[in-house]
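Structure at a glance
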Amino acid sequence: MSVQVRVQEDDFDLGGELAALRDRHGGAVGAVASFVGLVRDVRDSADVSGLYLEHYPGMTEDSISAIIAQAEARWPLLDVLVIHRVGQLCPGEQIVLVLVGAGHRPAAFAACEFVMDYLKTDAVFWKREVVDGAEHWIESTADDGRRRRHWDSDDTG
Amino acid sequence: MSEAPLRILFFASLREAVGTAEITLPAPSAGTLESLWPALTDRLGPAAVAALQAENVRVAVNQALGNAPLRFAAGDEIAFLPPVTGG
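Residues numbered from 1 in each chain as written. Chains lettered and ligands numbered in written order. Predicted model: local features only at pLDDT ≥ 70, side-chain atom pairs only at ≥ 80, totals over all residues. Heavy atoms only, no water.

1. Brief notes about the side chain of histidine 84 of chain A
Inspection of the secondary structure assignment puts histidine 84 of chain A in strand β5 (residues 77–85). Side-chain polar atoms of histidine 84 of chain A contact the backbone nitrogen of glycine 87 of chain B, separated by 2.8 Å. Once residues lying within four places of it in the same chain are set aside, the contact partners of histidine 84 of chain A are Arg6, Val7, Gln8, Leu53, Ile95, Val96 and Phe125 of chain A together with Gly86 and Gly87 of chain B. (Helix = DSSP H or I, 4+ residues; strand = E, 2+ residues; numbered from the N terminus. Polar contact = N/O pair within 3.5 Å; in protein donor to acceptor, adjacent residues only side chain to side chain. Contact = heavy atoms within 4.5 Å.)

2. Examining the nonpolar core
Taken as a class, soluble globular proteins show a tendency for nonpolar side chains to be buried jointly. Formed by 34 residues in total, the largest nonpolar core has its most connected members in Ile64, Trp75, Leu77, Val82, Val98, Val115 and Leu119 of chain A. Those elements giving two or more residues to this core turn out to be β2 (31–38), β4 (46–55), α2 (59–74), β5, β7 (94–102) and α3 (105–122) of chain A. Broken down by element, the residue count for this core peaks at 10 residues, all from α3 of chain A. Apart from residues no more than four positions distant in its own chain, valine 82 of chain A is found in contact with Gln4, Val5, Arg6, Ile64, Ile68, Leu97, Val98, Val115 and Leu119 of chain A. Counting residues in hydrophobic clusters, the runner-up holds 23 residues, among them Ile23, Leu25, Ala48 and Leu70 of chain B. (Core = buried A, V, L, I, M, F, W, Y, C linked by side-chain atoms within 4.5 Å. Buried < 20%, exposed > 50% of the residue type's maximum accessible area, 1.4 Å probe, protein only.)

Next up, the structure:
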């Protein structure tokens, strides 16, 4: 089981990471699921001109590793990669990559969604948006909370 | 013999409320979070401390969240964390 957590300012390349994952596992991985999060340029019909992401070096990586450990305990996984960018980002830019390799697709799909839902509520990051010229720190939403809680009761395979 | 000071860290909106990302406090040898409020009030002022005491603020000791009463020891790193959101 390969686990990588990278918190970085640099952008990432999904194709390159997929190729690297395939190289790590040869034919053992039959399914790879991915999620890419992007900076949107609108929130509640207001213009978003920038996003600044802050983290707590050490604790942030640990919080992501803890989320991945929960996914590992729950599904048969072979590879999990999370790359999360920090710093100043513009609309359209990539923020986060979750890449999951498993033998078969139920685990790959479910674990990828699980990790992303938990990243929204449990990962140690703070986001400051510039909306209509004003800066404000944003929090996870009620919908984020619901999506995370559904994993507690869901009978996923 | 002097004890190693505490590093106190403030993130995001709390950093802005407090006016600094980090301070050091001379440490009593050990204690609970509550024992720090007077020293923090002297250093940062009551408005900043009120922000640190908000219900949605979490506190980490040496990068781990714990349950109240939070305890620290000399040389520890204490971080005040506003609500997080990743992704």
